[in-house]
Amino acid sequence: MTDTATSSEGRTGRNETEEERADRMWGELIQEIRVAQTGVQILFGFLLTVVFTPRYADLRDIDQVIYIVTVVLGACATGALIGPVSLHRLVSGRRVKPQAVQVASRLTLVGLLLLLATMTSSLLLILRVATHDAFVPWLVAAVVAWYGLCWFVLPLWTRSHYTTD
């Protein structure tokens, strides 16, 4: 048996079975989700309080719409990032961990996209209220580009540049 090829016993280059690989990947995914979950839950919690402040009534209609969209996006991101926990709990012991890891990974990616949208609309709302300047959309676009670079472009470039399979 070699370390770089899959053997007839189902072992991978890490010398692990499909089940061992699924266990490892599940553990890694849960650690990643913990980071994103914490951030989205804190952001969502702060967003929920805005409507109860005296200043909310003074917001222009468009800013109230942006706020409502932001809260809905935050709720959706929270659901997507908590979803893998529920998935794991409901399929645990059913011998479908490799498939559950795949579904949870996709759900996490959706959660990250929703988190990106939540952070974008939050930033847009905050900067509109704080400055009322015409440069706000450009600043928000620059921050979104930065998020895109850090969250998607660099990881995808790394994957394509260094993957040997």
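This one's a predicted model, so the numbers in the text were calculated from it and none came from an experiment. (Residues numbered from 1 in each chain as written. Predicted model: local features only at pLDDT ≥ 70, side-chain atom pairs only at ≥ 80, totals over all residues. Heavy atoms only, no water.)

K.L.:
Go over the side chain of Thr-118 with me, naming the residues and quoting the values.
P.N.:
In this structure, Thr-118 sits in helix 3 (residues 97–131). Thr-118 gets classed as buried once you look at its relative accessible area, which sits at 1%. Reaching out from Thr-118, the side chain makes a polar contact with the backbone oxygen of Leu-73 at a distance of 3.2 Å. Among all residues touching Thr-118, those that are not within four sequence positions of it are Leu-43, Leu-47, Thr-70, Leu-73, Gly-74 and Ala-77. (Helix = DSSP H or I, 4+ residues; strand = E, 2+ residues; numbered from the N terminus. Buried < 20%, exposed > 50% of the residue type's maximum accessible area, 1.4 Å probe, protein only. Polar contact = N/O pair within 3.5 Å; in protein donor to acceptor, adjacent residues only side chain to side chain. Contact = heavy atoms within 4.5 Å.)

K.L.:
A description of the packing of helix 2 (residues 61–91) against helix 3 should follow, citing residues and the corresponding values.
P.N.:
Closest axis-to-axis distance for the helix 2/helix 3 pair is 8 Å, and the angle between their directions is 160 degrees. By the angle class used here, helix 2 and helix 3 are roughly antiparallel. For helix 2 against helix 3, the interelement crossing comes out left-handed. In terms of residue class, the contact of helix 2 with helix 3 is made up of 23 nonpolar, nine polar and three charged. (Axes fitted to C-alpha atoms, helices over the stretch in contact; angles between N-to-C directions. Parallel < 35°, antiparallel > 145°, perpendicular 65-115°, else oblique. Left-handed = near helix turned anticlockwise from the far one by under 90°. Nonpolar A, V, L, I, M, F, W, Y, C, P; charged D, E, K, R; others polar.)

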